[in-house]
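Observations on the model geometry
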Amino acid sequence: MMRQDADGRGPLKILALMPYAYDAAPGQRYRIEQWARAFAAEDVRIDYLPFESARLREIIYQPGHFAEKAQEAARGVLKRVRDLSAANLDADLVYIYREALPVGPAILERVIAYRRVPIVYDFDDAIFLPIVS
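Right, let's walk through the structure included here. In this text, all values refer to a predicted model and were calculated from it rather than measured experimentally.

Remarks on the layout of surface pockets
The gaps of empty space that remain are located by a probe, the size of a water molecule, rolled over the atoms. Estimated volume of the largest pocket: approximately 290 Å³. Lining of the largest pocket is provided by 13 residues; of these, Phe-51, Leu-56, Ile-60, Pro-102 and Val-103 occupy positions nearest its centre.

A word on the side chain of Asp-122
Its location among the elements puts Asp-122 in strand S4 (residues 119-122). Among the residues examined, Asp-122 registers a relative accessible area of 13% and is labelled buried. Leaving out residues up to four positions away in the same chain, Asp-122 has contacts with Arg-31, Tyr-95, Ile-96, Tyr-97 and Arg-98.

Considerations on the pairing of strand S1 (residues 12-18)
Most of S1 sits inside the fold, with seven of its seven residues counted as buried. Here S1 shows a buried face lined by Leu-12, Ile-14, Ala-16 and Met-18 and a second buried face lined by Lys-13, Leu-15 and Leu-17. The pairing of S1 with strand S2 (residues 44-50) spans seven bridges and is parallel. Paired with Lys-13 across the strands is Arg-45, a residue of S2. Taken together, the four bridges between S1 and strand S3 (residues 93-97) define a ladder with parallel strand orientation. Looking at S3, one finds that Leu-17 is bridged to Ile-96.

Here we look at the side chain of Arg-80
With respect to the helices and strands, Arg-80 occurs in helix H4 (residues 66-83). No salt bridge is formed by the buried Arg-80, whose closest oppositely charged neighbour, Asp-83, lies at an N-O distance of 4.2 Å.

Comments concerning the pattern of salt bridges
In total, this model carries ten salt bridges according to the counting rule given. A salt bridge links Asp-47 to Arg-45, with the nearest nitrogen and oxygen atoms 2.9 Å apart. The class of Asp-47 is partly exposed, set by a relative accessible area of 21%. Arg-45 sits in the partly exposed class, given a relative accessible area of 45%. A salt bridge links Glu-58 to Arg-55; its shortest N-O distance comes to 2.7 Å. One end of the pair, Glu-58, and the other, Arg-55, are both in helix H3 (residues 54-59), three residues apart, so they sit about a helical turn from each other. When its relative accessible area of 49% is taken as the criterion, Glu-58 is described as partly exposed. The exposure class assigned to Arg-55 is partly exposed, which follows from its relative accessible area of 29%. A single network of salt bridges, built from pairs that share partners, joins Lys-13, Arg-45, Asp-47 and Asp-90.

Parameters and conventions
Residues numbered from 1 in each chain as written. Predicted model: local features only at pLDDT ≥ 70, side-chain atom pairs only at ≥ 80, totals over all residues. Heavy atoms only, no water. 1 Å grid on protein atoms, 1.4 Å probe; cavity = no way out; pocket = protein on both sides within 12 Å on 5 of 7 lines; lining within 4 Å. Points joined across faces, edges and corners; volume = space filled by probe spheres on them. Helix = DSSP H or I, 4+ residues; strand = E, 2+ residues; numbered from the N terminus. Buried < 20%, exposed > 50% of the residue type's maximum accessible area, 1.4 Å probe, protein only. Contact = heavy atoms within 4.5 Å. Pairing = 2+ DSSP bridges. Lys, Arg positive; Asp, Glu negative; His and termini not counted. Salt bridge = Lys/Arg side-chain N within 4 Å of Asp/Glu carboxyl O.

Structure below.
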């Protein structure tokens, strides 16, 4: 039996906005990636949309490379905006692990909400606690 969304259009489609590449970070692996098979068995499709590129992942914690880091981060922002453009945001639900963009205000989250796509926010840290250095 095929599971259908509320409009009867077919399988449910989830866009998972993640900071890291698939299978690259334990937090997102535990929070969403481990459920891929179970969701697929229920005919729920998850499109994983990471923010970071392979190159950004390579250099992000290395000293220096400031210009390249900025360039890769800018590419990530542009990719995320394209991912959520009117042509691409046809999901039944958007799952956001931490935030849609790692910097700046929650603009993309507001765009998603404005378009009336349900959002599931997943924060894996104690965000209610102040940062202590």
